[in-house]
Amino acid sequence: MNKIIALFISFLSLNAYSQTDKNGNPVFNSLTLSEEKVDDYVLNSNYYTLANNISNRNSSVFINQQPSLDEIELAATKLPSDFFLVVKNLSPVKMIMLAEKSEKVFFVIDPTTGSNEVFPTDIKGDITENRANEIIEQKFDKKAKIDGNILFFNNKKLSIISTEEIKTKVKNLISEKKLNKGEANQIKFADKALLKKIIIKETTDGGKLDFFTEIKGHENDGIQVKPGVFSTKNGIALYKWGRGNYELGVNKVEDALNIWEEIKDRKPSQREIEYITM
C-alpha cells in the first residue's frame, strides 16, 4: 500500500491532478462529487472508484479483469478512496487524501512543488461511505447490504466512515495548518458552468471537439475500427467527442449527455448515449 501512495505522489506532482499519466493512460480514475465554498477557497470533493480501475488493465491499480470478492474487499478497504482539492481562483493549492498506513492518515500534496506532508487523524472505521455505496451499486456481491453504519460484504461486517466526518476533519485540518494559504498552481480548473461553455464553443465548426463537420453527408459510412470490428463515421465522431469531454474534466456521463442535449436542443438518441458513454 505504501508503494501505491508513493505512486500517487509521483504522478500527482508530475501531472497536477491529471486523470492520465505522461503516456495518456489512466492513473486512477476518479469522480468529482461536489464543490463547496469555504472561507476564501473552494473545497472540491472527489472519489476514487473501484469500477474502471481494479478491473481496467490501463489503470495503475489494476488487479484482475474479474477480481475475486477477497481482492475487491482488499482494494475497497486499503486503496485511497476520498480526496479533496483546495482550490483558489480556479487553481489547486493543496490536495488532501485520506490514506491507510499502519493507521489512517491525511496525505497533503503541494501541486506546485510536489512536496508532501502526512498528518495523523483519529478517523476510525473499515470502509468509507462512498466505497460502501459503490459496492452496493456495482453489485459485486449479491448478498451485500448496508444496515446503519455497517456494510455486510464478503461474509464480513465492515464499519462505515461517513463522508461528512471525513469532510469535517479535512476542513479542520485546512484551518489548523492553514493549507489554504499555499501558492497557486499554474494549472487552472474550470468550474462546471465554464467547462460547459468551453465544450459548447469547441464543438462548433472548426473547434477542437468538432469531429462532425468533416463527415457531413457521410455520417453513416462504414469504417473498420480494428479487424472484425466496424462502426460508422458518426459513431466514431461521437466516441471522440465523449473522450474529449473526459479529457477536459467532464468525468460524469450524465454531465456530458446534458451538454450534448444543450448543443442539439433535444434529448440524445440511444445510439448517441451508447457512443458518448463508451
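The structure under discussion appears in the preceding block.
Residues numbered from 1 in each chain as written. Predicted model: local features only at pLDDT ≥ 70, side-chain atom pairs only at ≥ 80, totals over all residues. Heavy atoms only, no water.

Engineer: Please explain the pattern of salt bridges as it appears in this structure.
Structural biologist: One side chain can pair with another of opposite charge once the charged atoms of both are near each other. One pass over the full model with this rule turns up 13 salt bridges. Note that lysine 167 and glutamate 36 form a salt bridge whose closest N and O atoms lie 4.0 Å from each other. Here glutamate 36 lies in strand 1 (residues 30-38) and lysine 167 lies in helix 4 (residues 163-177), a separation of 131 residues in the sequence. Overall, lysine 167 belongs to the buried group, its relative accessible area being 11%. Lysine 88 is paired through a salt bridge with aspartate 40; the nearest N and O atoms lie 3.2 Å apart. Residue lysine 88 is located in strand 3 (residues 82-88), and its partner aspartate 40 is located in the loop between strand 1 and strand 2 (41-48); the two are separated by 48 residues in the primary sequence. The exposure class assigned to aspartate 40 is partly exposed, which follows from its relative accessible area of 34%. (Salt bridge = Lys/Arg side-chain N within 4 Å of Asp/Glu carboxyl O. Helix = DSSP H or I, 4+ residues; strand = E, 2+ residues; numbered from the N terminus. Buried < 20%, exposed > 50% of the residue type's maximum accessible area, 1.4 Å probe, protein only.)

Engineer: Help me understand the side chain of glutamate 272, please; the structure alone is not making it clear to me.
Structural biologist: Note that glutamate 272 resides in helix 8 (residues 270-277). One polar contact links glutamate 272 to arginine 266, side chain to side chain, over a distance of 2.7 Å. Setting aside residues up to four positions removed in sequence, glutamate 272 forms contacts with Leu238, Trp260, Arg266 and Lys267. (Polar contact = N/O pair within 3.5 Å; in protein donor to acceptor, adjacent residues only side chain to side chain. Contact = heavy atoms within 4.5 Å.)

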